[in-house]
Amino acid sequence: MAKPKNTICLWFDKDAEAAARFYAATFPDSRVTSVHRAPGDYPSGKAGDVLTVEFTVCGIPCLGLNGGPAFTHNEAFSFQIATDDQDETDRYWNAIVGNGGKESACGWCKDKWGLSWQITPRALTDAMAEGGEVARRVFAAMMTMHKIDIAAIEAARRG
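I will try to describe carefully the structure that is included in this document. What you see is a predicted model; the values in this text were computed from it and never measured.

What about the sheet that holds strand β6 (residues 102-103)?
- As summarised here, the arrangement of the four strands in space is β5-β8-β7-β6, forming an open sheet in which the pairing is mixed. One side of each edge strand has no neighbouring strand; the edge strands of this open sheet are β5 (78-83) and β6.
- Relative to strand β8 (residues 116-121), strand β7 (residues 108-110) is paired through three bridges, and the arrangement is antiparallel. Within β8, the position partnered with C109 by the bridge is W117.
- On top of the sheet, helix α2 (residues 86-98) reaches β5, β6, β7 and β8; it is set at about 165° to β8, its chief contact.
- Across the sheet, helix α3 (residues 122-129) touches β5 and β8, and the angle it forms with β8 is around 75°.

A few points about helix α4 (residues 132-142)
- Of the positions making up α4, those classed as buried are V134, A135, V138, A141 and M142. For α4, the angular spread of the buried residues around the axis is 125°, confining them to a single face.
- Packed against the buried residues of α4 are α3 and α5 (150-158).

What about the environment of Q118?
- With respect to the secondary-structure elements, Q118 resides in strand β8.
- Placed 32 residues apart in sequence, Q118 and I150 show a C-alpha to C-alpha distance of 14 Å.
- The contacts of Q118, once residues within four sequence positions are left out, are S78, F79, Q80, I81, G107 and W108.

Looking at α3
- Buried within α3 we find A123, L124 and A127. End-on view of α3: buried residues confined to an arc of 100°, all on one side of the axis.
- If you follow the buried residues of α3, they end up packed against β8, α4 and α5.
- Residue G131 follows α3 closely and has a positive phi angle near 75°.

A few points about the side chain of Q118
- On the basis of relative accessibility, which here comes to 16%, the residue Q118 falls in the buried class.
- In terms of polar contacts, Q118 uses its side chain to reach the side chain of Q80, at 3.3 Å.

What about a nonpolar patch on the surface?
- Where nonpolar side chains cluster on the molecular surface, the patch consists of M128, F139 and M143 and spans about 270 Å² of accessible area.
- Tracing the backbone through its elements, the reader meets F139 in helix α4.

Observations concerning the nonpolar core
- By size, the foremost hydrophobic cluster in this structure holds 23 residues, and its most contacted members are F12, Y23, F27, F55, V57, W117 and I119.
- Secondary-structure elements contributing two or more residues to this core are β1 (8-12), α1 (16-26), β3 (50-57), β5, α2 and β8.
- Per-element tally for this core: the top contributor is α1, with five residues.
- If near-sequence neighbours (up to four positions away) are discounted, W117 is found in contact with Y23, F27, V57, S78, F79, I81, I96, G107, W108, C109 and D111.
- Of all hydrophobic cores here, the second largest spans 11 residues; its members include A127, V134, A141 and I148.

Brief notes about the packing of α3 against α4
- Their axes nearest at 7 Å, the elements α3 and α4 cross at an angle of 140°. With respect to each other, α3 and α4 are oriented oblique. Along the contact surface, α3 presents L124, A127 and M128, while α4 presents V134, A135, V138, F139 and M142.
- Grouping the constituent residues of the contact of α3 with α4 by class yields eight nonpolar, no polar and no charged.

About the thresholds
The written sequence of each chain sets the order in which its residues are numbered from 1. The model is predicted, so local features are restricted to residues of pLDDT at least 70 and side-chain atom pairs to those at 80 or more, both for listing and for counting; the totals for chains, interfaces and linings are taken over all residues. For the side-chain quantities, the full set of heavy atoms in the structure was used; hydrogens and water were omitted. Here, strands pair whenever DSSP counts at least two bridges between them. By definition, any uninterrupted DSSP run of H or I lasting at least four residues is a helix, any uninterrupted run of E lasting at least two residues is a strand, and each is numbered from the N terminus. Residue contacts follow a heavy-atom distance rule, with two residues in contact if any of their heavy atoms lie within 4.5 Å. Axes, fitted as lines to C-alpha atoms, cover a helix only where it is in contact. Angles between the N-to-C directions of the axes lie from 0 to 180 degrees. Think of it in three bands: residues with accessible area under 20% of the maximum for their type are buried, residues over 50% are exposed, and the middle band is partly exposed, with areas taken using a 1.4 Å probe on protein chains only. Arc, as used here, means the arc of the directions from the helix axis to the C-beta atoms. We define a polar contact as two N or O atoms separated by no more than 3.5 Å, with the added condition that, inside protein, one atom must be a possible hydrogen donor and the other a possible acceptor, whereas residues neighbouring each other in sequence contribute only through side-chain atom pairs. For patch building, the residue pool is restricted to those with more than 30% relative accessible area and no salt bridge; the joining distance is 9 Å between like charges and 5 Å between nonpolar side chains (Val, Leu, Ile, Met, Phe, Trp, Tyr). We get accessible surface area from the Shrake-Rupley algorithm with a probe of 1.4 Å; when it comes to residues, only the shown protein chains can shield them. Salt bridges are defined by distance alone: a side-chain nitrogen of Lys or Arg within 4 Å of a carboxyl oxygen of Asp or Glu. Put simply, a nonpolar core is a bunch of buried Ala, Val, Leu, Ile, Met, Phe, Trp, Tyr and Cys residues held in one set by side-chain atoms that sit within 4.5 Å of each other. Angles below 35 degrees are treated as roughly parallel, those above 145 as roughly antiparallel, those between 65 and 115 as roughly perpendicular, and all remaining angles as oblique. Any residue that is not Ala, Val, Leu, Ile, Met, Phe, Trp, Tyr, Cys, Pro, Asp, Glu, Lys or Arg is counted as polar, Gly included; the first ten are nonpolar and the last four charged.

Below, the structure is given as structure tokens:
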């Protein structure tokens, strides 16, 4: 298999492999493809430590780099995962938050490694795309939520 031309590089302190394995177990079309160990000592690790992990999240190629504590994740980058129903929304949300993560607002949460996720039902994005009064009502409903409640979004959509 050819290496992708573009890969998202995610900086971790030391848990790139654990994070990649969690993502692979949680999301469809996700897997760990290789783990590379450092051939020598480096500023935040020793020879033989896991240095990089190649993996995919929902088909998106990623590289986890165990670069040490110098840089941390923030909300400027997030994975947005589209969901088709409440069960799927709940499953992903609960997996992330239940594994040491934290809830945030409007469908956002953080995993235990500090990476931000948007668990976004298609019902929400479809309703927002309608624009006008529908989008205004749906947006107002969403602003009151942590995890997105599709029934409440649909009710707001209908008015």
